[in-house]
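Architecture at a glance
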Amino acid sequence: LLIGSLVAPSIYAATDPTEQMRPFLDKVTTLMADPSLKKAPRQEQCQRIITVVRERFDFREMSKRVLGKQWRELSDQEQVRFEDLFTQLLQYAYVDKIDEYAGQRIEFTQQRIKGDRAEVQTLLVDSHRTIPIAYIMLLKGEEWMAYDIVVEGVSLVRNYMEQFQQILIKEGYPALLDQIKSKISQLENQYKQG
């Protein structure tokens, strides 16, 4: 009993979602503020950002949720392919934020934990406004991994899920893949020129 009480607090501290998010978000904001990142070609910016973001984001879980029941109908290989494409699409969303980032600070407000799920609520604060951002997380082993971001009440996963479901219903899965590939190609070309 005594051993259990000594071990338990350190286990909970190690698996606290806010404490795991804090150094990750520090790393992201440090990267976003790095002048060398802003001067780098867009492709390099994408790579540097996605490398850091992968440390705390579960793109597989995110992909599974945006596809809904369609995910279960895909082979393992198709799931990997979709996750890869969806991750490429998302990295451009992050790159677009680089130019907007101007040293805003992140305040952690609260967290909710229910079983293997958690929500870490933060505020992105600057002199002009405060933006609430919540990270929805899943416990994988001892790592809390984010699979959704809710910015000002809008869920990234739900937003993509609604768009993708409309395409899946009207045109089917191959058409959805084609549209995602087309969008990635369009963004890549846009960044090569810019």
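Up top is the structure.
None of the values given here were measured: they were computed from a predicted structure. (Residues numbered from 1 in each chain as written. Predicted model: local features only at pLDDT ≥ 70, side-chain atom pairs only at ≥ 80, totals over all residues. Heavy atoms only, no water.)

1. Description of helix α8 (residues 156-171)
Over its 16 residues, α8 runs 22 Å from end to end, which matches the ideal 22 Å to within 8%, given 1.5 Å per residue. Within α8, the full set of buried residues consists of V157, Y160, F164, I167 and L168. Considered in projection along α8, the buried side chains sweep an arc of 105° and stay on one side of the axis. Facing away from the buried side of α8, by more than 90 degrees, are the exposed residues R158, Q166, I169 and K170. Where α8 begins, one side-chain oxygen reaches toward the backbone nitrogen of V157, 3.3 Å away; that side chain belongs to S155. Looking one or two residues beyond α8, the residue adopting positive phi is G172, at roughly 95°. (Helix = DSSP H or I, 4+ residues; strand = E, 2+ residues; numbered from the N terminus. Expected span 1.5 Å × (residues − 1). Buried < 20%, exposed > 50% of the residue type's maximum accessible area, 1.4 Å probe, protein only. Arc of directions from axis to C-beta. Polar contact = N/O pair within 3.5 Å; in protein donor to acceptor, adjacent residues only side chain to side chain.)

2. Structural notes on the pattern of salt bridges
Here the structure, examined in full by the defined rule, presents twelve salt bridges. Among the ionic pairs, R60 bridges to E83, the shortest N-O distance being 3.7 Å. With a gap of 23 residues between them, R60 in helix α5 (residues 59-67) and E83 in helix α7 (residues 76-98) connect regions that are remote in the sequence. Between R112 and E119 there is a salt bridge; the shortest N-O distance is 2.5 Å. (Salt bridge = Lys/Arg side-chain N within 4 Å of Asp/Glu carboxyl O.)

3. A closer look at unusual backbone geometry
At E152, a residue that is not glycine, the phi angle is positive and equals roughly 50°. Since its relative accessible area comes to 47%, E152 is described here as partly exposed.

4. Here's the deal with the environment of G103
With respect to the secondary-structure elements, G103 resides in the loop between α7 and β1 (105-114). With relative accessibility at 53%, the residue G103 sits in the exposed group. Expressed as a C-alpha distance, the spacing of G103 and M32, which sit 71 residues apart in the sequence, is 8.4 Å.

5. Let's talk about the pairing of strand β2 (residues 117-125)
Most of β2 sits out of view: seven of its nine residues are buried. Both β1 and β2 contribute to a ladder of nine bridges, which runs antiparallel. Bridge assignment links R105 to a residue of β2, and that residue is V125. Counting the residues between successive antiparallel strands, the hairpin from β1 to β2 contains two residues, one of them, G115, with a positive phi of roughly 65°. (Pairing = 2+ DSSP bridges.)

In short, geometric facts, not functional conclusions.
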